Each structure stands twice: as C-alpha cells, then as structure tokens.
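Remarks on the overall topology
Below, each chain spelled out in residue letters.
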Amino acid sequence: MFRNVAAISLHLIGPLQRKKAGTSLTRCLHQTLTMATRLQARRLDGIDHNPWVECTKMASEYDAVNLGQGFPDFPPPDFALQAFQLALSSDFMLNQYTKAFGYPPLTKILASFFGKLLGQEIDPLKNVLVTVGAYGALFTAFQALVDEGDEVIIIEPFFDCYEPMTLMAGGHPVFVTLKPSPTQDGELDSASNWQLDPTELASKFTSRTKALILNTPNNPVGKVFSKAELELVANLCQQHDVICITDEVYQWLVYDGYQHTSIASLPGMWERTLTIGSAGKSFSATGWKVGWVLGPDSLVKHLRTVHQNSIYHCPTQGQAAVAQSFQHEQLHFGQPSSYFVQFPQAMQRCRDHMIRSLQSVGLKPVIPQGSYFFIADISDFKKKMPDLPGDKDEPYDRRFVKWMIKNKGLAAIPTSIFYSRPHQKHFDHYIRFCFVKDESTLQAMDEKLQKWKEELRP
Ligand SMILES: Cc1ncc(COP(=O)(O)O)c(C=O)c1O
C-alpha cells in the first residue's frame, strides 16, 4: 500500500553521493503519503481541530501573560518534591516496571484514603486503577464501557475531551446545559447560579443511555454541585440503570465554605460510579501525570482490560512520589498543616485578586465555587465592539481572545469551546481564566490591566 522506496542501501555508496542521495531521499520521505485506502481512521473525523493550540501559540507569539491554560506556575509543595527526589534516588527497582494496575503502595494508600471519604471498603487490587493522569482514566473508562450507538449524557459547559472520547468509543453524546439564572443589576454572577433544569435533564435519559459524565468542581465554570443536585443525578442514573463517570480532579479546590461531595458516596451509587482523580491537580504537579479511577470491581475490571492492552504500566517513580505524598496528607488530614487545607486557602486569595483586577477594565467574572478556573462575561464588549476581526462564523469569544492577546497582552480561553457545536453561538460571550498562578504572574497581569485601564480613560 505504501509507495515508499526510500529504504535503499545508503551504506553502499560514497560520502558525497550519500549526502546527495540522502537529501533527495529525505525529500522523498517528506512527501505526503498517499494510500490506496483512506489514511486516518474514521473515528478521528471531526475531532482533529484543537483550538487550544491556536490560543497557546498566539499567547507565546505576542508574549502575553498566560491566564488561559490550567496549570500552576509555582512549585509543588516541598514534601511532594522530596518524595519524588526520594523515588529517584532510593530503591533502584523503582526504575523498573511495577504492577500493571498500580504501584502497590499507591493503590493501598488511595484505597484507604478514599475509602474513608467515600464510606466504602476499597480493595486496592480490585477497586483502584492507576492511569496516566485523569486523562488516561477518562479515556480508559470510555473505551471500556461505551459501545457503538450508546448515548452518553454530557453536562455543558464540559471539559472538552469528553465529547471526542465519547465519539472515539463509537458513542453518541447527548448534551444538557447548565443555565445561568439572571443576576441583580451590578451584582457579579456566581457559579452556583448555573443550574440544571431537572425536567430537561430527565428528558435526556433514554433506553440507549449508557453513562452520564459529571465534573465537580467543574471546569470551566467552577461550579460545585450541591448534594441536592447530585441526588437528582443519582436518582436518574439509578432509575435508568446508567453508569456515572465522575471527574473530581479539583475536589480539594473549593472556596467560600462550599463542600465537595462525591456522588459515589450517595446511597446506591458506589456500584454504578467510576470516580476519577489526579495527582497533578491534587499536588500542583500536572507534569507527573499520575491519575486514578476508583469503583466497583464489576466496572473497573473492564478498565483493567483496556489498560493492559494499551498503556499496561504507568511510570513507577511518579507513583511512588504520589504514594508518599498521600501518606503525608493522611497524617495531616483536616489540619492546618495539610496541603489540601492550605492550597484552597491560598488559591482563594489568587481568585479574589484576579476577580478584582479584571473588573477594573469591564470584564465581569462569574465567581467560582471551586476548581482552577472562572469565566468572565464579555457581553458589554460584544455590544461595544461587535466587529472584531475573525472569520464570519467564528464565535465572538474566540475573536475577543485573539484581540485581547494581540492588543492587551493577556491570554484567556474562549468558553464556547466547552460547548457542543449547536450551542456555541448561545455561549460566545464568556472567556475562561485560570487563577492558579504565582504572585509574579498576577503582578504582570495587573500591569497589563493598568495599561488597558489608562487606554479607557476619555
Ligand atoms: C476537569 C478535568 N479533568 C481531567 C483533567 C486532566 O487531568 P490530568 O492532568 O491528571 O490528566 C483536567 C485537566 O485540565 C481537567 O480540567
């Protein structure tokens, strides 16, 4: 099928000829591959465009302060860094493969730590699977459980990989939208005002519904689902015999006294729920890419099948570091010395700083209850400058983000990318900011905003 004759014997010719031949062969190799049949798998149709790449590229081209992407630009806590260093320098066997479904000390501590939180006896061998980040956990879950034609209910705005992961598994995404309720004039909106309509949610469940994906605290709005909202979702899942995949990577990041509740802890839900977590988000070490899934053996065993036929082993040293970091947190649980207590307190201050600063130029943040993120309303800008450059069909928020990067030196992420295509036009007047940022980044942001404010003066 490949018309590729490049692999001829270069070692049979002299150096100069070899160089010349090499150049033309390289050219030949770099020609676009043509195949008798279609090159890319059909499961990639419609999911190949990635708007993140464009925003990130522009942010670096214009040297903008990057408030878009979701990672901390400060170090992980000392105890976690020391744990990683120890993993590198202690037992040399940590350089080798470990158990396929998770490094035993990690699966053990995850089982005991989350067992208490979820009110479940968790078996480290049967109810825990360690994955390459929460991304890996999500992908494994979709591949293991979603079949051709299955419907998956996705609450939008949603972490953007849920839709392509459903499609790649052959599933059919069914969207239900969080609706903001109107605020009083002059009052800032809150993520708690973004709610599901119970009747609309119920109408999305059909005989083909296989799973519902929940994300609390939610990316991008920062909504923390209340116990009553989770009970609504739980009742519907039980009534319609649907699996719940719950992405709780930001579970420690809740603000203003809100509480995170895991849906798996509600009566009757453990048996039908996969709970996904991330060490990257828990310990401010997103590059470690250690994630996990917790759930009943009847579900997790199918994820193990996908895992052992795809990734098989996750890097050992990162898992050892995460195991040690959880040991630390278990010892300090609920005390002022716990990172899971200190981290949200520090991030609430960053959140408040950013919210205050962005308002000074007319952006209207929606106060998040949790997560790394909030969105800000730009509808006033849409009214004042509706004709920003961009493609005719390009949602306004994308054009606004590009304008802001180029002209104001600040990068954010358009919120419409967290919506299904038909709904993007209704939610094109919000942009997402990440506030999990170092003091120096917040200062750089303030300088840019100060300039912007001066330009606004008549
Ligand atoms: C809601 C949500 N889930 C999962 C992930 C992926 O986490 P990880 O870095 O552990 O793969 C992210 C990362 O941004 C996220 O925001």
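Because the structure is predicted, anything quoted here is derived from the model rather than measured.

Looking only at helices and strands, the protein chain features 16 helices and 15 strands. Rg of the C-alpha trace for the protein chain: 24 Å, near the compact-globule value of 23 Å for 458 residues, within the 12% margin. With respect to the three principal axes, the spread of C-alpha positions in the protein chain is 80 × 60 × 50 Å. For the protein chain, the proportion of its 458 residues judged to be buried stands at 52%. Taking the intrachain contacts of the protein chain between residues at least 6 apart in sequence as the baseline, contacts between residues at least 24 apart amount to 72%. Only carbon and sulfur atoms are counted for the fraction: they give 53% of the accessible area of the protein chain, which is about 21900 Å². The positive charge centre, built from 45 side chains, and the negative charge centre, built from 46, are 7 Å apart in the protein chain.

With that settled, the discussion passes to the packing of aromatic side chains. Two descriptors summarise a pair of aromatic rings, namely the distance from one centre to the other and the angle between the planes of the rings. Going through the model one piece at a time under the given rule, you end up with 35 aromatic pairs. Taken together, a centroid distance of 5.8 Å and an interplanar angle of 45° make the contact between Phe114 and Trp292 tilted. Note that Phe114 is positioned in helix α4 (residues 104-118) and Trp292 in strand β10 (residues 290-294), a separation of 178 residues in sequence. Both residues of the pair, Phe114 and Trp292, belong to the buried class.

Glancing now at the pattern of salt bridges. Inspection of the entire model under this criterion finds 16 salt bridges. The salt bridge involving Glu229 is made with Lys223; its shortest N-O contact spans 2.8 Å. Note that Asp297 and Arg304 form a salt bridge whose closest N and O atoms lie 2.7 Å from each other. The class for Arg304 is buried, based on a relative accessible area of 13%. Taken together, the salt bridges that share partners define one network made up of Glu54, Glu394 and Lys402.

Attention now moves to the domain arrangement of the protein chain. Domain assignment breaks the protein chain into domain 1 (2-36), domain 2 (51-75 + 338-456) and domain 3 (78-332). For domain 2 versus domain 3, the separation of C-alpha centres amounts to 25 Å. With 38 residues of domain 2 in contact, the opposing surface of domain 3 contributes 42 residues. Each partner contributes to the roughly 3400 Å² buried at the junction of domain 2 and domain 3, and carbon and sulfur atoms together form 61% of this total. For domain 2, the biggest contributors to the area lost against domain 3 are Phe340, Gln369 and Phe418; these three give 26% of the whole. At the boundary of domain 2 with domain 3, the tally comes to 1 salt bridge. At the boundary of domain 2 with domain 3, the tally comes to 20 residue pairs in polar contact (both at pLDDT 80 or more). Secondary-structure elements contributing two or more residues to the side of domain 2 that touches domain 3 are α12 (339-359), β11 (364-366), β12 (373-377) and β15 (430-434). Along the lines of polarity and charge, the residues of the side of domain 2 that touches domain 3 split into 25 nonpolar, 10 polar and 3 charged.

Grouped together as the largest cluster of nonpolar side chains are 108 residues, with contacts concentrated most on Leu138, Phe326, Leu363, Phe400, Phe433 and Trp452. A per-element tally of this core places α12 first, with 8 residues. Apart from residues no more than four positions distant in its own chain, Phe400 is found in contact with Leu363, Ile378, Phe381, Met385, Leu388, Ile431 and Trp452. Val174, Leu196, Phe205 and Val221 belong to the second-largest nonpolar core, a separate cluster that totals 29 residues.

Residues in close proximity to the ligand include Gly133, Ala134, Tyr135, Phe159, Asn215, Asn219, Asp247, Val249, Tyr250, Ser278, Lys281 and Lys289, which together make up its full environment. The backbone of Tyr135 places a nitrogen or oxygen atom 3.0 Å from an oxygen atom of the ligand. With respect to the ligand, the side chain of Asp247 contributes an N or O atom lying 2.6 Å from a nitrogen atom. If the ligand stood free it would expose 400 Å²; the protein chains cover 93% of that surface. In terms of residue count, the dominant contributor to the shell around the ligand is helix α5 (residues 133-145) (3 residues). The class makeup of the residues in the shell around the ligand is 5 nonpolar, 4 polar and 3 charged.

This part takes up α5. In a regular helix each residue adds 1.5 Å, so 13 residues correspond to 18 Å; α5 covers 19 Å between its end C-alpha atoms and thus fits that length. Every buried residue of α5 is listed here: Gly133, Ala134, Gly136, Ala137, Leu138, Thr140, Ala141, Phe142 and Leu145.

How each quantity is defined
Residues numbered from 1 in each chain as written. Predicted model: local features only at pLDDT ≥ 70, side-chain atom pairs only at ≥ 80, totals over all residues. Heavy atoms only, no water. Helix = DSSP H or I, 4+ residues; strand = E, 2+ residues; numbered from the N terminus. Rg over C-alpha atoms; globule rule 2.2 N^0.38 Å. Buried < 20%, exposed > 50% of the residue type's maximum accessible area, 1.4 Å probe, protein only. Contact = heavy atoms within 4.5 Å. Areas by Shrake-Rupley, 256 points an atom, 1.4 Å probe, with all protein chains shown as cover. Lys, Arg positive; Asp, Glu negative; His and termini not counted. Charge placed at Lys NZ, Arg CZ, Asp CG, Glu CD. Phe/Tyr/Trp six-rings, centres within 6.5 Å; stacked < 30°, edge-to-face > 60°. Salt bridge = Lys/Arg side-chain N within 4 Å of Asp/Glu carboxyl O. Domains from an automatic or database assignment. Buried area = accessible area lost by both parts, 1.4 Å probe. Polar contact = N/O pair within 3.5 Å; in protein donor to acceptor, adjacent residues only side chain to side chain. Nonpolar A, V, L, I, M, F, W, Y, C, P; charged D, E, K, R; others polar. Core = buried A, V, L, I, M, F, W, Y, C linked by side-chain atoms within 4.5 Å. Near = heavy atom within 4 Å. Expected span 1.5 Å × (residues − 1).

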